[in-house]
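Coordinates in review
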Amino acid sequence: MNLQVDPNVSMEEIQEFCKSKYPDLKLKKALLNKNVLMIQNGMVMGVVQNKKGTLRIRGDLNTLNPVILIGIVIGVFFGFIGVLVIVGIFYLIKNKERKEFGEQVFADFNKEFAKKKIKKLKKILAIEKESLSSQPNYRIYHPAQMAELVDALVSNTSSFGSA
């Protein structure tokens, strides 16, 4: 699930929000990608990826959980097919819990960052309203009125150049 946020949202801000929202869960950053935060809850985890103003949030299996890790090691002894079977079984068993946790994390982030977005939009609207009200000849036109004005302007300028 994708959530549009301010492009200036940093991973530190996201991590602070997660620490305050989920104090009892373990937070980890990915090893190779510093824009990914994992919220571990037992055998499932929520994965939050920050990518240029978009947060990708999903639920996934916590492969660092000892039970799943032992299952993967046992699957390695049976070869590639064994790993696929073991991981597939875990996905089937934990599918509902994985999806629910991902949706819960998405709802929490949506609630928090939507508030920030609304506050920012209200600020922008207040500034726009103030600047527009200071203009003396400002009037809001209905789209139909605007079309008539544009047609009148176009007809006046075309006759002006042909004389």
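A brief report on the enclosed structure follows. Remember, predicted model here, so these are calculated numbers, not experimental data.

**Focus: the pattern of salt bridges**
Per the stated rule, a full pass over the model turns up 1 salt bridge. In this structure, E97 engages K94 in a salt bridge whose closest nitrogen and oxygen atoms are separated by 3.1 Å. With E97 and K94 both in helix α3 (residues 80–133) and 3 residues apart, the pair spans about one turn of that helix. The partly exposed category is assigned to E97, whose relative accessible area is 35%. Here K94 falls in the buried class, since its relative accessible area comes to 17%.

**Observations concerning helix α2 (residues 66–77)**
The periodicity of an α-helix, 3.6 residues per turn, causes residues three or four positions apart to be oriented the same way. Here α2 contains 12 residues, and its C-alpha end-to-end distance of 17 Å stays within 8% of the 16 Å for a straight helix at 1.5 Å per residue. G79 sits one or two positions beyond α2 and adopts a positive phi of about 95 degrees.

**Some words on the packing of aromatic side chains**
The tally for this structure, following the rule as stated, stands at 1 aromatic pair. Consider the rings of F17 and F109, whose centres lie 4.9 Å apart with planes at 70 degrees: the pair is edge-to-face. Of this pair, F17 sits in helix α1 (residues 11–21) while F109 sits in helix α3, and the two are 92 residues apart along the sequence. A relative accessible area of 12% means that F17 is categorised as buried.

Procedures and definitions
Residues numbered from 1 in each chain as written. Predicted model: local features only at pLDDT ≥ 70, side-chain atom pairs only at ≥ 80, totals over all residues. Heavy atoms only, no water. Salt bridge = Lys/Arg side-chain N within 4 Å of Asp/Glu carboxyl O. Helix = DSSP H or I, 4+ residues; strand = E, 2+ residues; numbered from the N terminus. Buried < 20%, exposed > 50% of the residue type's maximum accessible area, 1.4 Å probe, protein only. Expected span 1.5 Å × (residues − 1). Phe/Tyr/Trp six-rings, centres within 6.5 Å; stacked < 30°, edge-to-face > 60°.

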